[in-house]
Amino acid sequence: MSRIGNKAITLPADVTVSQEGAVVTVKGPKGELSREIVSAITMTVEGNEVSFSRDSDDSKTRALHGTTRANVANMVEGVSEGFTKTLKLVGVGYRAAKSGSKLTLNVGYSHPVNFEDREELSVEVPDALTIKVSGISKQKVGDLAAEIRAVRSPEPYKGKGIRYEGEVVRRKEGKTGK
């Protein structure tokens, strides 16, 4: 039994969910998202609740039951509230700057690393050591944040690098000198 798949999604007042064939569309105050769902999963909209059921009990369909429900729940949350990931730069001389539609990172390389703005996403730099990526699609926000972090992921000896806010980096001792 899928606990997550059987749980109903309660829609906020200003969000609508519709389905045409296999495509689910969620509209809200922040925008509109669409996603294709598997034909083995049936979506039912009753009032302000969305529920999901599956037609068979094989392992692949059971796995897709919970995944489909979670994806639609993330779409509902995205169009109503949005998603934000905050990244912190840790290291001497590390800094980020935003000019126009370009994010520039100086993180210890001989050259600056640039990122162009993407559709449906906004990148803000409140200060030189903080980057905020926000948008309505949880997947796109996470992908861009992961790409920025991958430029200089945190290393375990000095802790330098780009990390998510609240991320704990396990530190290693290093050489003892004997």
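Residues numbered from 1 in each chain as written. Predicted model: local features only at pLDDT ≥ 70, side-chain atom pairs only at ≥ 80, totals over all residues. Heavy atoms only, no water.

In terms of domain boundaries, the chain breaks down into domain 1 (9-81) and domain 2 (83-164). Its C-alpha centre places domain 1 at a distance of 31 Å from the equivalent point of domain 2. Each side of the interface is counted separately: domain 1 has nine residues, and domain 2 has five residues. Taking both sides of the interface into account, the surface hidden between domain 1 and domain 2 amounts to around 530 Å²; carbon and sulfur atoms contribute 63%. Of all residues in domain 1, L33, N74 and G78 bury the most surface against domain 2, accounting for 59% of the area lost on that side. The tally of links between domain 1 and domain 2 comes to zero salt bridges. For the side of domain 1 that touches domain 2, the secondary structure elements donating two or more residues are β4 (31-36) and α2 (59-80). Per-element accounting of the side of domain 1 that touches domain 2 gives the leading share, four residues, to β4. (Domains from an automatic or database assignment. Contact = heavy atoms within 4.5 Å. Buried area = accessible area lost by both parts, 1.4 Å probe. Salt bridge = Lys/Arg side-chain N within 4 Å of Asp/Glu carboxyl O. Helix = DSSP H or I, 4+ residues; strand = E, 2+ residues; numbered from the N terminus.)

A few words now on the nonpolar core. Core analysis: the largest hydrophobic core is formed by 20 residues, its most contacted members being L103, L105, F115, I131, I148 and I162. Those elements giving two or more residues to this core turn out to be β7 (83-90), β9 (102-106), β10 (113-116), β11 (121-127), β12 (130-135) and α3 (138-151). Looking at this core, the element that brings in the most residues is α3, giving five residues. Not counting the four nearest positions on each side in its chain, L105 is found in contact with R95, A96, P112, V113, F115, I131, I148, V151 and I162. By size, the runner-up hydrophobic cluster in this structure holds 18 residues, among which are I9, I41, V50 and F52. (Core = buried A, V, L, I, M, F, W, Y, C linked by side-chain atoms within 4.5 Å. Buried < 20%, exposed > 50% of the residue type's maximum accessible area, 1.4 Å probe, protein only.)

This part is about the UniProt feature "domain: Large ribosomal subunit protein uL6 alpha-beta" (unreviewed entry) in the chain. According to UniProt, the feature "domain: Large ribosomal subunit protein uL6 alpha-beta" (unreviewed entry) maps to residues 12-82 and 90-164 in the numbering used here. Secondary structure over residues 12-82 splits into 31% helix and 41% strand, and the C-alpha atoms at its two ends are 13 Å apart. Between the end C-alpha atoms of residues 90-164 there is a gap of 11 Å, over a span that is 19% helix and 43% strand. (UniProt positions renumbered as here; feature names shortened; annotations may be inferred.)

Here we take up the layout of surface pockets. Taken as a whole, the largest pocket holds about 210 Å³ of empty space. Around the largest pocket sit L33, S34, R35, N71, N74, M75, F83, I136, S137, K138 and Q139, which together line it. Those elements that provide at least two residues to the lining of the largest pocket are β4, α2 and α3. Here the residues of the lining of the largest pocket sort into four nonpolar, five polar and two charged. Residues lining the lining of the largest pocket come from more than one domain, with at least three contributed by each of domain 1 (9-81) and domain 2 (83-164). (1 Å grid on protein atoms, 1.4 Å probe; cavity = no way out; pocket = protein on both sides within 12 Å on 5 of 7 lines; lining within 4 Å. Points joined across faces, edges and corners; volume = space filled by probe spheres on them. Nonpolar A, V, L, I, M, F, W, Y, C, P; charged D, E, K, R; others polar.)

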